[in-house]
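Letter by letter, the chains look like this.
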Amino acid sequence: MPKIESKSNKTLATNANKHSEIFSNNGFELFNYILENHIKQKEKRGRYADLSFYYWSMYNSAEKYIHQRPEVFKNWFCKEYTDSFEKIKTINEVNDTNGNRKKHYQTSLDWFKTHI
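This text gives an overview of the structure that appears in the document. Everything quoted here is computed from the prediction, not taken from an experiment.

Let us now look at the pattern of salt bridges. This structure, assessed with the given rule, holds four salt bridges. Between Asp50 and Lys40 there is a salt bridge; the shortest N-O distance is 3.4 Å. Residue Asp50 is located in helix α3 (residues 47–60), and its partner Lys40 is located in the loop between α2 (27–37) and α3; the two are separated by ten residues in the primary sequence. Through salt bridges that share partners, Lys40, Asp50 and Arg101 make up one connected network.

The structure is reproduced here in structure tokens:
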């Protein structure tokens, strides 16, 4: 009997290690999910703080999802998404006082782990 794969697993498999010069452990899939669901759109206040928070969360996680330093990531992001900002802020500058970013990151990790 042939093995049946779900559509979401096929999508992840075809995008496995996409942008490996920046991401590891299929981190682009996680980043893309966060970008589409939790990072404010262009022109919205707080977008770059969101990007910085999620960058550091993925960079500092035990299972490293981003392996590049902030400047390299920022340059890649600005080129890939036709965006422009000065720098990735430090984790202390974007500390999540109300807990929403941490909660959204955990939700995204839960989604990612069920889809890899």
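Right, let's get into the environment of Tyr65. In this structure, Tyr65 sits in the loop between α3 and α4 (70–80). For the pair Tyr65 and Glu29, spaced 36 residues apart in sequence, the C-alpha to C-alpha distance is 9.5 Å. Other than its neighbours up to four places away in sequence, Tyr65 contacts Ile22, Phe23, Ser24, Asn25, Gly27, Leu30, Met58, Tyr105, Leu109, Phe112 and Lys113.

A word on the side chain of Arg47. By the element assignment, Arg47 lies in helix α3. Once residues lying within four places of it in the same chain are set aside, the contact partners of Arg47 are Ile39, Lys40, Gln41, Lys42, Phe77 and Asp83.

Turning to the layout of surface pockets, a few remarks are in order. Taken as a whole, the largest pocket spans an internal volume of roughly 150 Å³. The wall of the largest pocket is formed by His38, Lys40, Asp50, Tyr54, Asn95, Asp96, Thr97, Asn98, Asn100, Arg101 and His104. With three residues, the top contributor of residues to the lining of the largest pocket is helix α5 (residues 100–115). Each residue belonging to the lining of the largest pocket can be placed in one class, and the counts come to one nonpolar, six polar and four charged.

For soluble globular proteins, nonpolar side chains are generally found buried alongside one another. One finds Phe23, Phe31, Met58, Phe73 and Tyr105 to be the most contacted residues of the largest nonpolar core, which totals 28 residues. Sorting elements by how many residues they give to this core places α3 first, with eight residues. For Phe73, the residues in contact, after removing those within four places along its chain, are Ile22, Phe23, Phe31, Tyr55, Ile66, Gln68 and Ile88.

Here we take up the packing of aromatic side chains. In total, this model carries 21 aromatic pairs according to the counting rule given. Ring geometry for Phe53 versus Tyr54: centroids 5.4 Å apart, planes at 85°, classification edge-to-face. Judged by relative accessible area, Tyr54 falls into the buried class, the value being 1%. When the ring of Tyr55 is compared with that of Phe73, the centres are 5.1 Å apart and the planes differ by 40°; the resulting orientation is tilted. One end of the pair, Tyr55, is in helix α3; the other, Phe73, is in helix α4, and 18 residues separate them in sequence. A relative accessible area of 0% places Tyr55 in the buried class. In this structure an aromatic cluster arises from ring pairing among Phe23, Phe28, Phe31, Tyr48, Tyr55, Trp56, Tyr59, Phe73, Trp76, Phe77, Tyr81 and Phe85.

About the thresholds
Residues numbered from 1 in each chain as written. Predicted model: local features only at pLDDT ≥ 70, side-chain atom pairs only at ≥ 80, totals over all residues. Heavy atoms only, no water. Salt bridge = Lys/Arg side-chain N within 4 Å of Asp/Glu carboxyl O. Helix = DSSP H or I, 4+ residues; strand = E, 2+ residues; numbered from the N terminus. Contact = heavy atoms within 4.5 Å. 1 Å grid on protein atoms, 1.4 Å probe; cavity = no way out; pocket = protein on both sides within 12 Å on 5 of 7 lines; lining within 4 Å. Points joined across faces, edges and corners; volume = space filled by probe spheres on them. Nonpolar A, V, L, I, M, F, W, Y, C, P; charged D, E, K, R; others polar. Core = buried A, V, L, I, M, F, W, Y, C linked by side-chain atoms within 4.5 Å. Buried < 20%, exposed > 50% of the residue type's maximum accessible area, 1.4 Å probe, protein only. Phe/Tyr/Trp six-rings, centres within 6.5 Å; stacked < 30°, edge-to-face > 60°.

By themselves, these observations are geometric and do not establish any function.
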